Structures are given as structure tokens and as C-alpha cells.
Amino acid sequence: MIGIGLLVIRIVIGLSFVGHGAQKLFGWFGGHGLKGTGGWFDSIGMKPGITMALFAGLSELIGGAFFALGLLTPFAGILIVLTMLVAIFKVHGANGYWATQNGYEYNLAILAVAIGVALTGAGPYSLDSFLF
């Protein structure tokens, strides 16, 4: 049952990150694409905005896909953790803890999940289990 639990966690978190990456990179799922996301990054002091949006989008897309598949899970976890740390320090941290005030509650929860799975392993239903 632990393996199924880890699979559910990996798929939900991983595919959510794939979606966020696709928003930034391609404008899918209501996203703004590289140009729009890059402009927003510029406005919050992350320059050059388009380059930073590219890095963020790739980190989310690749990290999310690898996390969902359970492939190189510690690496995938690191990509997700780094993304959440940037979100906390550049966007949400100044707003306090609670998500209802645009705080970092949600980001911290995802960060904890990514660290937990990266440290415990992806479980038996993963490519890591199959390959290594």
C-alpha cells in the first residue's frame, strides 16, 4: 500500500508541475507563455525575465515529469524544491504563511512532499525501481 500511496502523491504533484511548466513555456492551460511570464518575472525583479521564465518552466516541466514517473526522483525533487523556494522568497514570503493572504503555505506543503518523496524513494511503482 505504501507503493500505491507514493504513486498517487507522485502523479498528482508531478503532473501539476508539468502543467505549471506548460503554462510558462507554451501558454497552455490558461498560462501566459514565455513572453507573458517573462514580463511578469521582470516586474518582480527577476531579470532577464524571459530567460528566468524559461528556466522556471523547464524546471517545472522536467521536474514534474520525472517526479510523476519516479525517474531520478531525488533530482526531480530538487527541481521542485528549488522552484518552491524561489516562489516563497520572491513572491509569497512577504505575505505571511496563509495561502488565503497569498502566503507561502501551499508552496511549503509542496516543498515538504518533494523532500519527503526524494528522501524515501519513489516506491515500487516507479522507473527508479525498474531501472535501479
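Per an unreviewed UniProt entry, the protein chain goes by the name Membrane protein and belongs to Peribacillus simplex. Listed in UniProt under the heading Subcellular location (unreviewed entry), the comment for the protein chain reads: "Cell membrane". Annotation of the protein chain in UniProt includes, under Sequence similarities (unreviewed entry), the sentence "Belongs to the DoxX family."

Draft legend 1. Molecular detail of the overall build of the protein chain. Scanning the protein chain from N- to C-terminus turns up 6 helices and 0 strands. Beginning at the N terminus, the succession of helices and strands in the protein chain can be written as α-α-α-α-α-α. Scaling as 2.2 N^0.38, a compact globule of 132 residues should have a C-alpha radius of gyration of about 14 Å, and the protein chain matches this with 15 Å. Burial analysis of the protein chain (132 residues in total) assigns 37% to the buried set. Sequence-distant contacts in the protein chain: of pairs separated by 6 or more residues, those separated by 24 or more amount to 57%. Accessible surface, the protein chain as shown: approximately 7400 Å² in total, 75% of it carbon and sulfur. Averaging the coordinates of the 5 positive side-chain charges in the protein chain and doing the same for the 4 negative ones gives two points 9 Å apart.

Draft legend 2. Structural view of the UniProt feature "transmembrane region" (unreviewed entry) in the protein chain. The feature "transmembrane region" (unreviewed entry), as annotated in UniProt, sits at residues 61–88 and 108–127 in this numbering. Summarising residues 61–88: 89% helix, 0% strand, and an end-to-end C-alpha distance of 19 Å. Along residues 108–127 one finds 70% helix and 0% strand; the C-alpha atoms at either end are 26 Å apart.

About the cut-offs
Residues numbered from 1 in each chain as written. Predicted model: local features only at pLDDT ≥ 70, side-chain atom pairs only at ≥ 80, totals over all residues. Heavy atoms only, no water. UniProt positions renumbered as here; feature names shortened; annotations may be inferred. Helix = DSSP H or I, 4+ residues; strand = E, 2+ residues; numbered from the N terminus. Rg over C-alpha atoms; globule rule 2.2 N^0.38 Å. Buried < 20%, exposed > 50% of the residue type's maximum accessible area, 1.4 Å probe, protein only. Contact = heavy atoms within 4.5 Å. Areas by Shrake-Rupley, 256 points an atom, 1.4 Å probe, with all protein chains shown as cover. Lys, Arg positive; Asp, Glu negative; His and termini not counted. Charge placed at Lys NZ, Arg CZ, Asp CG, Glu CD.

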